[in-house]
Each structure stands twice: as structure tokens, then as C-alpha cells.
Amino acid sequence: MGTLRFALPHAVLFAVLFIVALVAARDSRGEVSLPNIFSDHMVLQQKQENKVWGKADAGEKVSVRIGDQAHETVADDDGHWHVMLEPLDAGGPHTLAVSGENDVQFEDVLVGEVWICSGQSNMEWTVSRCYDADLVKASATTSEIRHISYPNHGAQQP
């Protein structure tokens, strides 16, 4: 049994490679992105600077807006960028908008107290896991409390 061979004219081969290169270049174009700690319904710490950071194409101009603040920066050679928000007073909701080659918006952003708690396992419970959760929710007067949970990872060293 013989080997099957295809002979393409050089012009066709060049055209195919050119199209593949265009598609690859288009798909590799970076977009402004932020780590998943940034999300709708997040809370920023009040009365202190807050860092907003992410990735983009090297040299890409990135704009960040919240409330009456607007900040601009340029992604470094590795595509990293960050800005520091000026201290904000408690309140909201705000929209945190990040723009570059694309636009990313986070809605319903509050500014207030951010507490990081650890300890017993019940500290990670949300209201929905407590006894008589429906009654607790119905009688709640603190609708602006937010909860975020991260996976537990044990370690032998800090």
C-alpha cells in the first residue's frame, strides 16, 4: 500500500498559512481582564486607597472609573497594570468600569467595611444555613451585607 500525498500549489499553501496566522493573531489579542476577586456586588474598603489590577496587552492603555474618579495607566511589558483608587466614603451602589481594548463593568459595588474572618467552620455559613433562615431573612434590616467565600486549602507552612 502506497503513501497518500497531496501536492498543493505554493500560492494555495501560502494562502492557507496566511489565514491560519490571521486567525491565531486575532484570537491571541489580549483583552483587559481582572482577577475573579472583582465581581458584581463586591465591597471596597472605605476611607483607604484600593488597588485595582489586571492584565492587558503590553502597552495597552487602561482606564478605571468609579464614582467621580477616573484613573489611567498603561500595561507593562508583561501585560500587568494597576491603579490606586483614592479613598472612598461608605456608600453606593457604584459601577466600577475598566476600559481598554474591551470594557468590563462591575455593578452594585458598595464601599464600606471589609472584614476577613477565620476560625471555626460555622464562620463561613451564610444566613441561608442558619436555623429558621426564612424568618431571619424576612426580619433583616441590613440588606447591604455581602459574603464571599474562598476554598479552604491546608498548608504545612505559612
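Residues numbered from 1 in each chain as written. Predicted model: local features only at pLDDT ≥ 70, side-chain atom pairs only at ≥ 80, totals over all residues. Heavy atoms only, no water.

Glancing now at the overall build of the chain. Scanning the chain from terminus to terminus reveals 2 helices and 7 strands. Sequence-ordered secondary structure for the chain, helices as α and strands as β, is α-β-β-β-β-β-β-β-α. When each of the 158 residues of the chain is scored for burial, the buried share is 23%. Considering only intrachain contacts with a sequence separation of at least 6, the fraction spanning at least 24 residues in the chain is 53%. (Helix = DSSP H or I, 4+ residues; strand = E, 2+ residues; numbered from the N terminus. Buried < 20%, exposed > 50% of the residue type's maximum accessible area, 1.4 Å probe, protein only. Contact = heavy atoms within 4.5 Å.)

The next subject is the pairing of strand S6 (residues 91-99). Note that strand S3 (residues 61-66) and S6 share 3 bridges and pair antiparallel. Counted as the bridge partner of Val-64 is Val-98 from S6. Between the antiparallel neighbours S6 and strand S7 (residues 103-112) lie 3 residues. (Pairing = 2+ DSSP bridges.)

Take the sheet that holds S6 next. Within the open sheet, the 5 strands sit side by side as S1-S7-S6-S3-S4. Their pairing is mixed. Each end of this open sheet is capped by a strand with a single partner; those strands are strand S1 (43-45) and strand S4 (69-74). Across the sheet, the mean angle from the axis of one strand to that of its neighbour is 30°, orientation sign disregarded. Note: S6 against S7, 6 bridges, orientation antiparallel. Paired with Ala-97 across the strands is Gln-105, a residue of S7. (Axes fitted to C-alpha atoms, helices over the stretch in contact; angles between N-to-C directions.)

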